[in-house]
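Single-letter residue listing:
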Amino acid sequence: MLDNSFSYCSNESCSKKDICLRYTKRENRHIGETYLLLTEKECEKNNCFIDKKEYYKKMILSVIDMIPNDDLDKKLLLENCHRLLPISEQYNLKDKLLEKIKSLEKN
């Protein structure tokens, strides 16, 4: 059985590879990373599929909701907000992220 640790899948015949966060092409592999070759049936059974769109949207929403504990947290959160701006537009979250940036810069 597979655990919930993040591993990459390299099943090139998978029908979900274009929308799965776990899928990686052979040429993008790095030393020291874990690679699996899962059939779609195994993937479904073990709940291994991670939808890229859902994952990125949740990540952006998490950053928007995050409250920094101190100045260092605030600085790191602000950096993350700026890095996520280009992606946030795809999920209609750019305005919320810009509001978060303004509130962090203001305080």
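**Looking at the overall build of the protein**
- When its secondary structure is counted, the protein shows four helices and two strands.
- Along the protein, helices (α) and strands (β) appear in the sequence β-β-α-α-α-α when read from the amino end.
- Relative to its 107 residues, the protein shows a buried fraction of 29%.
- Within the protein, contacts between residues separated by at least 24 positions form 60% of all contacts whose residues are at least 6 apart in sequence.
- Of the roughly 8200 Å² of accessible surface on the protein, 50% is carried by carbon and sulfur atoms.

**Points about empty space enclosed by the protein**
- Using the criterion set out here, one finds one cavity of 30 Å³ or more in the structure.
- Roughly 80 Å³ of volume is contained in the largest cavity.
- Along its surface, the largest cavity is lined by Cys 9, Asn 11, Cys 14, Lys 16, Lys 17, Cys 20, Arg 22, Tyr 23, Leu 38, Cys 43, Cys 48 and Phe 49.

**Examining the nonpolar core**
- One finds Ile 60, Val 63, Cys 81 and Leu 97 to be the most contacted residues of the largest nonpolar core, which totals 13 residues.
- Those elements that provide at least two residues to this core are helix H2 (52-65), helix H3 (71-88) and helix H4 (94-106).
- With five residues, H3 is the largest single contributor of residues to this core.
- Ignoring anything within four residues of it in the chain, the contact list for Val 63 reads Leu 77, Cys 81, Leu 84, Leu 97 and Lys 100.

**A short note on the packing of H2 against H3**
- At a minimum axis distance of 10 Å, the contact between H2 and H3 shows a crossing angle of 145 degrees. The way H2 lies across H3 gives a crossing that is left-handed. Contacts between H2 and H3 involve Met 59, Ile 60 and Val 63 from the former and Leu 77, Cys 81, Leu 84, Ile 87 and Ser 88 from the latter.

Calculation notes
Residues numbered from 1 in each chain as written. Predicted model: local features only at pLDDT ≥ 70, side-chain atom pairs only at ≥ 80, totals over all residues. Heavy atoms only, no water. Helix = DSSP H or I, 4+ residues; strand = E, 2+ residues; numbered from the N terminus. Buried < 20%, exposed > 50% of the residue type's maximum accessible area, 1.4 Å probe, protein only. Contact = heavy atoms within 4.5 Å. Areas by Shrake-Rupley, 256 points an atom, 1.4 Å probe, with all protein chains shown as cover. 1 Å grid on protein atoms, 1.4 Å probe; cavity = no way out; pocket = protein on both sides within 12 Å on 5 of 7 lines; lining within 4 Å. Points joined across faces, edges and corners; volume = space filled by probe spheres on them. Core = buried A, V, L, I, M, F, W, Y, C linked by side-chain atoms within 4.5 Å. Axes fitted to C-alpha atoms, helices over the stretch in contact; angles between N-to-C directions. Left-handed = near helix turned anticlockwise from the far one by under 90°.

Functional significance is not addressed by these values, which are geometric in nature.
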